[in-house]
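A look at the structure
Spelled out, the chains give:
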Amino acid sequence: VDVLSLHKLDYDRFVKDLQQAERREHFNFYRSLTIFMDWQRDRLESLANSTFRKSFEKGSTIFNQEDEAEMFYFIFEGSVDIIKEIVITSRNKWPKALSEWENRSNTKRVKHTLFRCGRGEPFGEHSVLSAETNKRPSMSFDKSESTAPTSRPYTAVATSKTTLLVIDRREMTHLLNGCSTSQY
């Protein structure tokens, strides 16, 4: 068994270099997206510094319909299916006797793929941003005043090995409004 020995300072420098390289990669990724074309460099850097990577294997559920919407996602690599689960209930009356009827119902759950998202595409934004609709950012230090998250209207499933860039809904809302949570 070979053992690698590192001094703490060397290890810390190595980790710092990896983190900086990852933030640069995030920055270049966001800069390449047309939706951020008009954003200034410092705002893009704030976005890149506020995101973290999360990986999913093929077939893994990223979030389920009705989950609370706390995060906003960008596909760094891979693809994601957006699936709506629909409940269909049919109700009928069946003769039980000559003058008697029985009510019967049948409930079926159907999953319907709405669309597929690929590299560079955001998803999960509807629920995240709808929680902030018609609400200006609070200048208060009390975070409990912020609007509670809404529930997800659909399920997201990785269709291949997928890496996402994830950002908290509050931070994304502040960035979209042109400020950073560090100002609060």
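Attention here is on the structure that accompanies the text.

A look at the sheet that holds strand 8 (residues 162–168)
The antiparallel open sheet is built from 4 strands, whose spatial order is 1-8-3-6. Lying at the two open borders of the sheet, with one neighbouring strand each, are strand 1 (52–56) and strand 6 (122–123). Here strand 1 runs beside strand 8; their pairing, made up of 5 bridges, is antiparallel. By the bridge assignment, Phe-56 is partnered in strand 8 with Thr-162.

Thoughts on the packing of helix 2 (residues 41–50) against helix 4 (residues 169–176)
With their axes 11 Å apart at the nearest point, helix 2 and helix 4 run at an angle of 175° to one another. When the axis of helix 2 is compared with that of helix 4, the two are roughly antiparallel. When helix 2 is examined against helix 4, the residues Arg-43, Ser-46, Leu-47 and Ser-50 are found in contact with a partner set consisting of Glu-171, Met-172, Leu-175 and Leu-176. For the contact of helix 2 with helix 4, the per-class residue count stands at 4 nonpolar, 2 polar and 2 charged.

A few points about the packing of aromatic side chains
Remark: the centre distance and the inter-plane angle together describe each pair of aromatic rings, the angle taken between the planes. As enumerated under the stated definition, the model contains 11 aromatic pairs in all. Taking the centre distance of 5.9 Å and the plane angle of 45° together, the rings of Phe-63 and Tyr-154 count as tilted. Taken together, the residues Phe-63 in strand 2 (residues 61–63) and Tyr-154 in the loop between helix 3 (125–130) and strand 7 (155–158) connect sequence positions 91 residues apart. On the accessibility criterion, Phe-63 (4% relative accessible area) is buried.

Notes on the environment of Tyr-30
You can see Tyr-30 is positioned in helix 1 (residues 8–32). Exposure remark for Tyr-30: the relative accessible area of 0% places this residue in the buried category. Linking Tyr-30 and Phe-76, residues 46 residues apart in sequence, is a C-alpha distance of 9.6 Å. In this structure Tyr-30 touches Phe-36, Leu-44, Leu-47, Ala-48, Thr-51, Phe-74 and Leu-165, once residues within four positions along its chain are discounted.

Cut-offs applied
Residues numbered from 1 in each chain as written. Predicted model: local features only at pLDDT ≥ 70, side-chain atom pairs only at ≥ 80, totals over all residues. Heavy atoms only, no water. Pairing = 2+ DSSP bridges. Helix = DSSP H or I, 4+ residues; strand = E, 2+ residues; numbered from the N terminus. Axes fitted to C-alpha atoms, helices over the stretch in contact; angles between N-to-C directions. Parallel < 35°, antiparallel > 145°, perpendicular 65-115°, else oblique. Contact = heavy atoms within 4.5 Å. Nonpolar A, V, L, I, M, F, W, Y, C, P; charged D, E, K, R; others polar. Phe/Tyr/Trp six-rings, centres within 6.5 Å; stacked < 30°, edge-to-face > 60°. Buried < 20%, exposed > 50% of the residue type's maximum accessible area, 1.4 Å probe, protein only.

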